[in-house]
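Coordinates in review
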Amino acid sequence: MSEFSVVIEHLTKRFGTFVAVDNVTLNVGKGEIFGFLGPNGAGKSTTIRILCGLLAPTSGKAIVAGYNVASDPELVRANIGYMSQRFSLYDDLTVAENIDFFSGIYGVAKDKRPIRKQYALDMSGLVGREDSMTRTLPGGLKQRLALGCAILHEPPIIFLDEPTSGVDPIARRSFWDLIYQLSEAGQTVFVTTHYMDEAEYCHRLALMYKGKMISLGTPAELKQALGKGSMEEVFVESIEREEAASV
Amino acid sequence: MWERIREMIIKELKQTLREPKMRATLIMPPLIQLLVFGYAVNLDVEHAKLAWMDQDRSIESRELLEQFTGSARFTVVRFLESEQDTHLTHDRSEVEGVVRILPGFAADIARGRAASVQVLVDGTNSNTASIVSTQCTQVIRQFSAKKLEKLQRQKLVGRAVDRPLFAPLPTLTIEPRVWFNPELRSRNYFVPGVLVNIIMLVTLSLTSMAIVREKEIGTMEQLMVTPIRPIELIIGKTLPFAAIGMIQLLFITMVGMLVFQVPLNGSPGLLVFSSLFFIECTLGLGLFISTISNTQQQAMMTTLFVFQPMFMLSGFSFPIRNMPEIVQWVTYLNPMRYFMEVVRGIFLKGVGIEILWPQILALAVLGTTILAISAMRFRKRLD
């Protein structure tokens, strides 16, 4: 395996004539929290879906955990956790049933299952509510449980697609604490967002606009390059420059 | 592999059996259809109501009336006087038919001439009309046979007084005997058919809904990024509904036999065996519907759109041999058609695999084809 968790080279995805991802090249190191920042429709989700093997790239190459997503999607899937903005849990199963189900599907070793289940319950703050129906949980708890279920198999790489949309600021803050814990444990976190405060939390950022990656660097580097004080200003300025250049 | 399939099956069964709404879908349709087709839909004609119009008023005409009233099939409810009454009673649907004895009836009989009885039947419902008409004819024929015999005897006796001799005519009597359903109970015909409908409707809609529901709430995307293989997903998604289909088969068979007294003349084992192939067809079709639908509404509409014509062309109530030839060819692609023949064959005729193998083979071929096509369409990609 290379030193990078994710290697993307000239990745392009077209839907008909629409170019959703336009010639993107970047690498993500191990243990890094890598952010994808951009307005809606910038191609963030499409890129993540390609990296998870849900969509086939039109051209270019993507290597995740050492495996090519186009040719070995099953091997990629065994090494990643994925959580979308929809917190995809079964509403009509209980908390414990959701955890048990995903443990089985991910093929977590039988002797490790109780430990992993306890971990998922602890991190989502649902100890004592194992038998609650998932549909009765508030959004913040559902979000944490969805993350817990997505990482039961301890994947080295975790993809989070707008994981905090529709969740209150306090729940968002504590969710980012979780992301830091994962990163400190050596897991790579690839996260998309359109919240500027969240962008600040990332180790490195890629700014996406209309399918193109328009800048890449640490939050400090990006701010310095444009002489701006906040990520929001960086974001607006970068997009305005891109618009001006394309006219 | 089996581990993941087992997890899927446990999860599916939990989800299906826990929801009150889902449980209702499992119990209500079979119950309602059984009640409707077992009790309400009855094509048998018993105690048909007749009106009587006697324009002869003779001993013979009264004898014929006794023949009619003596038969359990008819109830004479009205006695009419005029032509106008005849129209009115028909218009008001007071009777199924009118028997009219024309003047000179007795005289014609006495002279050995053809005597006329007119039977007017309400043809609004063609099925009832043809049954009433046949039954009336039978009663009249019996009456005329009796009269003829009496006449012959009188003539034979009268030889002594030097009358012309008529040799006794040999009379042919037809005694129709109905096989497989001797009492011609429509219930015997419909209840096994309900079995086919229910298995079809329930397994088809459950399979398509179960997959599309996951697409709708986003868990399908979540499943796709797990190491589960498409074939495991398909097996895990279909086996629970196959099991539910089998349980419904047993339930409807029991109710049919115990409540509706429908005979199961053939082998229960063969019934179960052949239904496996039928369920293969319905699951394959359900899977196919789920690959072309994105929302539960779409899946539901498509299910109905597929089920309705298949039901019409299954021979459940409309005989396939009466359909235009092109439509008859189309029915060869309809799994319900074959299973309907198998089920009725086993229940009513009591025939075995030596007779029913072509139908069972057709089900196996259709089922494997549709299941294979759907499985190929069912990939773990979003585009």
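Refer to the structure presented above.
Residues numbered from 1 in each chain as written. Chains lettered and ligands numbered in written order. Predicted model: local features only at pLDDT ≥ 70, side-chain atom pairs only at ≥ 80, totals over all residues.

Quick word on the overall build of chain A
Helix and strand content of chain A: nine helices and ten strands. By the compact-globule yardstick of 18 Å for 247 residues, chain A fits well, its C-alpha radius of gyration being 18 Å. On the principal axes, the C-alpha backbone points of chain A span a range of 55 × 40 × 35 Å. A total of 247 residues make up chain A; the buried ones form 46% of that total. Taking the intrachain contacts of chain A between residues at least 6 apart in sequence as the baseline, contacts between residues at least 24 apart amount to 67%. (Helix = DSSP H or I, 4+ residues; strand = E, 2+ residues; numbered from the N terminus. Rg over C-alpha atoms; globule rule 2.2 N^0.38 Å. Buried ≥ 20, exposed ≤ 12 C-beta atoms within 10 Å, placed from the backbone. Contact = placed C-beta atoms within 7 Å.)

Notes on the sheet that holds strand 2 (residues 74–79) of chain B
Across a sheet, paired strands are connected by hydrogen bonds in the backbone, their directions being either parallel or antiparallel. Residues and elements named next belong to chain B. Spatially, four strands are ordered 2-1-3-4 in an open sheet, and the strand pairing comes out mixed. With partners counted over all chains shown, the strands left at the sheet margins are strand 2 and strand 4 (117–121), one partner each. Adjacent strand axes in the sheet meet at a mean angle of 30°, parallel and antiparallel pairs treated alike. Where strand 1 (residues 48–54) lies against strand 3 (residues 97–101), five bridges are found, and the strand directions are parallel. Bridge pairing in strand 3 places Asp 54 opposite Ile 101. (Pairing = 2+ DSSP bridges. Axes fitted to C-alpha atoms, helices over the stretch in contact; angles between N-to-C directions.)

Things to note about the interface of chain A and chain B
The partner chain B presents 21 residues to the 22 residues of chain A that form the contact. Among the secondary structure elements, those contributing two or more residues to the side of chain A that touches chain B are helix 2 (73–78), strand 6 (80–83) and helix 3 (95–106) of chain A. Broken down by element, the residue count for the side of chain A that touches chain B peaks at five residues, all from helix 3 of chain A. Here the residues of the side of chain A that touches chain B sort into twelve nonpolar, four polar and six charged. (Nonpolar A, V, L, I, M, F, W, Y, C, P; charged D, E, K, R; others polar.)

Some words on the nonpolar core
In terms of nonpolar packing, the biggest core is built from 129 residues, with Val 64, Ile 80, Ile 158, Phe 159 and Phe 190 of chain A touching the most fellow members. Here the element with the most residues in this core is helix 7 (residues 186–217) of chain B; it accounts for 16 residues. Core analysis: the second largest hydrophobic core is formed by 14 residues, Ala 51, Phe 74, Val 98 and Ile 131 of chain B among them. (Core = buried A, V, L, I, M, F, W, Y, C linked by C-beta atoms within 7 Å.)

Details of the pairing of strand 4 (residues 59–64) of chain A
Note on strand geometry: in a regular strand, side chains alternate between the two faces of the sheet. Residue and element names in this part refer to chain A. Of the strand pairs in this sheet, strand 1 (residues 4–15) and strand 4 are connected by five bridges, and their pairing is antiparallel. Bridge pairing links Glu 9 to Lys 61 in strand 4. As judged from the two bridges shared by strand 4 and strand 5 (residues 67–68), these two strands associate in the antiparallel manner. Residue Val 64 lies in a different strand from strand 5, and its bridge partner there is Tyr 67. In this antiparallel pair of consecutive strands, strand 4 and strand 5, the connection spans two residues, and Ala 65 shows a positive phi of 55°.

So, helix 5 (residues 139–150) of chain A
Taking 1.5 Å as the rise per residue, helix 5 of chain A with twelve residues should run 16 Å; its terminal C-alpha atoms sit 16 Å apart, in good agreement. Looking at the buried side of helix 5 of chain A, the elements it contacts are strand 6, helix 3, helix 4 (113–124), strand 7 (157–161) and helix 6 (169–184) of chain A. (Expected span 1.5 Å × (residues − 1).)

Comments concerning the packing of helix 7 of chain B against helix 13 (residues 335–349) of chain B
Helix-helix packing is described using two parameters, namely the angle between the two axes and the distance between the axes. Residues and elements named next belong to chain B. It is the contact of helix 7 with helix 13, at a shortest axis distance of 9 Å, that shows an interaxial angle of 140°. On the basis of their axis angle, the class for helix 7 and helix 13 is oblique. Considering only the axes of helix 7 and helix 13, their crossing is right-handed. Across the interface between the two elements, Asn 188, Pro 192, Gly 193, Leu 195, Val 196 and Met 200 from helix 7 touch Met 336, Phe 339, Met 340, Val 343, Arg 344, Phe 347 and Leu 348 from helix 13. (Parallel < 35°, antiparallel > 145°, perpendicular 65-115°, else oblique. Left-handed = near helix turned anticlockwise from the far one by under 90°.)

The analysis is restricted to geometry; functional conclusions fall outside its scope.
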